[in-house]
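# Inside the fold
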Amino acid sequence: MTSQNPELHREIARRRTFAIISHPDAGKTTITEKLLLFGGAIHLAGAVKAKRNQKSATSDWMSIERERGISVSTAVMTFEYRTLQLNLLDTPGHNDFSEDTFRTLTAVDAVLMVIDATKGVELQTKKLLEVCRLKRTPVITFMNKLDLEAMDPLDLLDNLEKELHMACTPMTWPIGGGKEFQGVYDLRDKTVNFYLAADRGHKNERVVLDSLVSPEAKQLIGKHYEQVTGEIELLEGASEPYDQTRFLRGQQTPVFFGSALHNFGVKELLDCFCDLAPGPQPRETVHRVVDADEDSFSGFVFKIQANMDRNHRDRMAFIRIVSGIFRRGMDIYQPRTGKTMAVRNAMTFLARDRSIVEEAYPGDIIGVPNHGTIRIADTFTQGENLQFTGVPSFAPELFRRVRLRDPMKQKQLQKGLTEVCEEGAAQLFRPLIGSEWIVGAVGTLQFDVIVARLREEYNVDAVFEGLALQVCRWVACKDAAVQKKLEDSATRDLFTDGHGNLCLLTETRFRADYIVEKNPGVTLHTTMELHGNK
Ligand code: G4P
């Protein structure tokens, strides 16, 4: 039921929850830093990276991040801008961690897509955009690195439309490019935002002119003036006008140009993002749609992460609040287990600093310390039996058998593997017969992370060995008799995953097809909705 509580309505209107997607190296970290600077959340350029390095020095697991120059763990960053509270969910850019990224995208209401303008649309961006499209998430685009020899802006738009099959509508337009990148023309309010060259990247000092058609603008822009006015004339006639409905459905993306490094065009992006991006959206459950402005609290877990800070040896379950108000000490109900728990120490995050939450609202992310009782995709409510849908698990493509160097450590190994896999970066499979556990992952890096974490956190020395397995499918059986026949005839190929679901792991797709053919009533699936699992 729609709430009558003005506090809830006011806070919902203030929230914007989003993630940044990009191909590695396109500039996600740099732009995150600039957004935090505008939000006053950090005061020094370089702070995000410095912080990352400083923290990662304390843990072996984190040192994998550092050595390989990638971000393995994700953080939630909250900052204020204008009258809004922005919740930025950081997503790892590395391909091996895409599953984690996919789940994070289920928890946002909008996405900022950063493209390296020297390269155009790259593979990882394409994959991530597919997920946004599935979920109809609105996407705002930032063409970055215009201070380098970038592609022509019109070609960039063309490239985006062709590669991503998405209409685009420019919101700003670059003035000059490469070493002569001078600023952007704002197509919305028709202002010229000219950056002072001497200020490159520091105070973001600008000259703002309220029209392009003036002797002042002509003088300021100099030799690029004719080209810019020509391009803008062309755009105004040819480009698709901004359409709020199409944007909100994920069919059209507003495009901005700039340089994150030099802080050119970022403020225009952020201002427009605040105007266009939607607030907390309704979410579907198995039972009904839940609106943000309902009185009753609800939320779902999209991520579990261990040891973000070595001083707190806990695992954190990240909950996206969908409706109602969370208050410190409140009892929340977990429909999967039927249990209620009082949450006194939920956390909010600024970069990696954490503080105890007193109140949190729809769109917010809270971290709840977890001792193994919370799983990815769990729903929490104030008593209603709901289960949010849409948090997926993907079939892994690589499989390894884990071998202990010290056989006495079997128990610790099982505990470690179970806990690390519960976080969702890799999946654990137990055979129907036998005791050999198998770990499946989407990329090889996860195996290195698991070995490092088993050593560091569980004092277990283990190695992974390759396996001939290549195909993993979740199994659905029409009825119990079909399942029994399958279990009797294909025992060696059957496993259960960490949620107790039946899976088929085989060497070849041919064998999987053969098993299905011999067992009418059996169907195989490559993804698993993580809900309703006991
Ligand atoms: P990512 O998080 O998407 O992986 O990218 P990140 O921000 O780390 O940027 C990747 C590299 O691109 C960095 O250089 C960064 O400084 C540079 N970069 C980002 N935005 C711009 C831009 O607008 N213009 C230019 N010229 N470069 C940009 P690096 O040398 O790899 O790292 P660093 O030593 O500068 O930190």
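Note that the coordinates shown come from a computational prediction; the quantities given were computed from them, not determined experimentally.

Reading the values: the criteria
- Residues numbered from 1 in each chain as written.
- Predicted model: local features only at pLDDT ≥ 70, side-chain atom pairs only at ≥ 80, totals over all residues.
- Heavy atoms only, no water.
- Helix = DSSP H or I, 4+ residues; strand = E, 2+ residues; numbered from the N terminus.
- Buried < 20%, exposed > 50% of the residue type's maximum accessible area, 1.4 Å probe, protein only.
- Contact = heavy atoms within 4.5 Å.
- 1 Å grid on protein atoms, 1.4 Å probe; cavity = no way out; pocket = protein on both sides within 12 Å on 5 of 7 lines; lining within 4 Å.
- Points joined across faces, edges and corners; volume = space filled by probe spheres on them.
- Nonpolar A, V, L, I, M, F, W, Y, C, P; charged D, E, K, R; others polar.
- Near = heavy atom within 4 Å.
- Polar contact = N/O pair within 3.5 Å; in protein donor to acceptor, adjacent residues only side chain to side chain.
- Areas by Shrake-Rupley, 256 points an atom, 1.4 Å probe, with all protein chains shown as cover.
- Phe/Tyr/Trp six-rings, centres within 6.5 Å; stacked < 30°, edge-to-face > 60°.
- Lys NZ or Arg CZ within 6 Å of the ring centre and 35° of its normal.

Turning next to the overall build of the chain. The secondary structure content of the chain amounts to 15 helices and 33 strands. Sorting the 534 residues of the chain into buried and exposed places 57% on the buried side. Long-range contacts, defined as pairs at least 24 residues apart, comprise 71% of the intrachain contacts of the chain with a sequence gap of at least 6.

Before going further, it helps to spend a moment on the layout of surface pockets. The computed volume of the second largest pocket comes to approximately 570 Å³. Forming the boundary of the second largest pocket are 20 residues, of which Lys135, Arg136, Pro282, Arg283 and Glu284 lie nearest the centre. Residue assignment for the lining of the second largest pocket shows that the elements contributing at least two residues are α6 (123-135) and β12 (283-284). In terms of residue class, the lining of the second largest pocket is built from nine nonpolar, five polar and six charged.

With respect to spatial proximity, 16 residues lie near the ligand, and among them Asp25, Lys28, Thr29, Thr30 and Asp147 are the closest. Between the ligand and the protein, one listed contact pairs a nitrogen atom with a side-chain N or O atom of Asp147 at 2.8 Å. Here Leu261 contributes a backbone N or O atom positioned 3.2 Å from an oxygen atom of the ligand. In isolation the ligand exposes 700 Å². Once the protein is present, 66% of that is buried. Ranked by residues supplied to the shell around the ligand, first place goes to helix α2 (residues 28-38) with three residues.

Attention now moves to the packing of aromatic side chains. Evaluated as defined, the whole model comprises ten aromatic pairs. Judged by centre distance (6.3 Å) and plane angle (50°), the ring pair of Phe302 and Phe318 falls under tilted. Linking Phe302 in strand β14 (residues 298-306) with Phe318 in strand β15 (residues 315-323), this pair joins segments that are 16 residues apart in sequence. The residues Phe302 and Phe318 share a single accessibility class, namely buried. Between Phe399 and Phe429, the aromatic rings sit 6.4 Å apart at their centres with planes inclined by 55°, giving tilted as the arrangement. Separated by 30 residues along the polypeptide, Phe399 in strand β25 (residues 398-404) and Phe429 in strand β26 (residues 426-431) bring together distant segments of the chain. Neither Phe399 nor Phe429 differs from the other in exposure class; each is buried. Cation over ring: Arg400 sits above Phe447, and NZ or CZ is 4.5 Å from the ring centre. Directly above the ring of Trp437 sits Arg430, whose terminal nitrogen or CZ lies 4.4 Å from the centroid.

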